[in-house]
Amino acid sequence: MMTAAQVLAENNFGDTRSGGLAGPMGLFMIVVLAIVTVLLIRNMNARLRRLPDRFPAQRDEESGVGPTTMDESSGASGNPGDLGRDRPPTS
């Protein structure tokens, strides 16, 4: 008859030492996640640099003028799809 300690101590999972792949696989996954994170950060920084300094709605709020459909100074419309198109690209 087996005691409770023997039942709990029994290895029901087979040979856990064969292969030994968990350590190297874990290291590989950490390295891959680190590389993906670095690439994602670089991509987001590049996208943030391409954004305009000010959006048309911010210009209107600062001057105290309500939203207009046409910006008189640049001739660009106030549509969200036109953000940053009234200024030449910077390098």
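Residues numbered from 1 in each chain as written. Predicted model: local features only at pLDDT ≥ 70, side-chain atom pairs only at ≥ 80, totals over all residues. Heavy atoms only, no water.

Peer 1: Any chance you could explain the overall build of the protein here in plain terms?
Peer 2: Summing up its helical and strand segments, the protein has three helices and zero strands in all. Reading the protein from its N terminus to its C terminus gives the helix and strand order α-α-α. Each of the 91 residues in the protein was classed as buried or not, and the buried ones make up 4%. (Helix = DSSP H or I, 4+ residues; strand = E, 2+ residues; numbered from the N terminus. Buried < 20%, exposed > 50% of the residue type's maximum accessible area, 1.4 Å probe, protein only.)

Peer 1: What is the right way to look at a nonpolar patch on the surface in this model?
Peer 2: On the surface, Leu21, Met25, Phe28, Met29, Val32 and Val36 cluster together into a nonpolar patch covering about 560 Å² of accessible area. The topology assignment puts Phe28 in helix H2 (residues 22–50). Phe28 sits in the partly exposed class, given a relative accessible area of 48%. (Patch = residues over 30% accessible without salt bridge, like charges linked within 9 Å, V, L, I, M, F, W, Y side chains within 5 Å. Areas by Shrake-Rupley, 256 points an atom, 1.4 Å probe, with all protein chains shown as cover. Salt bridge = Lys/Arg side-chain N within 4 Å of Asp/Glu carboxyl O.)

Peer 1: For this particular structure, what's the right way to read the confidence of the model for the protein?
Peer 2: Reading fine detail from the predicted coordinates is not recommended where pLDDT is low. Of all residues in the protein, 54% attain a pLDDT of 70 or more, and the chain-wide mean is 75. When pLDDT is averaged over each helix and strand of the protein, the minimum, 67, is found for helix H3 (residues 56–63) and the maximum, 95, for H2. (pLDDT = per-residue confidence, 0-100.)

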